[in-house]
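Chains, contacts and geometry: an overview
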Amino acid sequence: MSVAKQAKDNSIGVILTGMGSDGARGLLSIKNEGGYTIGQDKNSCVVYGMPMVAKKIGAVLREASLDMMPNIILNQLKRRQLTSKVKG
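A brief report on the enclosed structure follows.

Rules used throughout
- Residues numbered from 1 in each chain as written.
- Predicted model: local features only at pLDDT ≥ 70, side-chain atom pairs only at ≥ 80, totals over all residues.
- Heavy atoms only, no water.
- Helix = DSSP H or I, 4+ residues; strand = E, 2+ residues; numbered from the N terminus.
- Expected span 1.5 Å × (residues − 1).
- Buried < 20%, exposed > 50% of the residue type's maximum accessible area, 1.4 Å probe, protein only.
- Arc of directions from axis to C-beta.
- Contact = heavy atoms within 4.5 Å.
- Pairing = 2+ DSSP bridges.
- Axes fitted to C-alpha atoms, helices over the stretch in contact; angles between N-to-C directions.
- Right-handed = clockwise from strand over helix to strand, strands pointing away.
- Parallel < 35°, antiparallel > 145°, perpendicular 65-115°, else oblique.
- Left-handed = near helix turned anticlockwise from the far one by under 90°.

All right, on to helix 4 (residues 69–87) then. Along its 19 residues, helix 4 runs 27 Å from first to last C-alpha, staying within 8% of the 27 Å computed at 1.5 Å per residue. Residues M69, I72, Q76 and R80 constitute the buried set of helix 4. The buried residues of helix 4 occupy an angular sector of 75 degrees when projected down its axis, which confines them to one face. Those residues of helix 4 that are exposed and aimed more than 90 degrees away from the buried face are K78, L82, K85 and V86. Packed against the buried residues of helix 4 are strand 1 (12–15), strand 2 (36–40) and strand 3 (62–64).

Here it is as structure tokens:
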């Protein structure tokens, strides 16, 4: 939640395999502040608990396998860089 407060729409949040819901709530905060959010998909999780909760509460903008996440993050960073050049 502190990332959401500080970085707002300049953040990228990723939720990985695990149990509970605290991370899901934090991811939702990032999304609500305009950040980009990614949830690990069921097939690549050891435990789909927290990513599932994040998806159910609407915190996940993009769901992906663990193998795809680095490329998704890099592409998002490139988009942001291009956007900031256009604005600047």
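Moving on, there is more to tell.
Another point: the sheet that holds strand 3. Taking strand neighbours across the sheet as the criterion, the three strands line up as 1-2-3 in an open arrangement whose pairing is parallel. Every interior strand has two partners, whereas the edge strands, strand 1 and strand 3, have only one. Direction aside, the axes of adjacent strands within the sheet are offset by 25 degrees on average. Note: strand 2 against strand 3, three bridges, orientation parallel. Within the sheet, the bridge partner assigned to Q40 lies in strand 3 and is A64.

The element strand 2 is largely enclosed, with a buried count of five among its five residues. Burial along strand 2 is two-sided: the residues Y36, I38 and Q40 and T37 and G39 are all buried. Of the pairings in the sheet, the one linking strand 1 to strand 2 comprises four bridges and is parallel in character. The residue bridging V14 from the neighbouring strand is I38, located in strand 2. A crossover links strand 1 with its parallel partner strand 2, the connecting element being helix 2 (residues 22–32), and its sense is right-handed.

With that settled, the discussion passes to the packing of helix 2 against helix 3 (residues 49–56). The geometry of helix 2 relative to helix 3 is characterised by a closest axis approach of 8 Å and an angle of 40 degrees between their N-to-C directions. It follows that helix 2 is oblique to helix 3 by the angle criterion. By crossing handedness, the relation of helix 2 to helix 3 is classed as right-handed. Each of D22, G23, A24 and L27 in helix 2 lies in contact with helix 3, whose residues at this interface are M50, V53 and A54.

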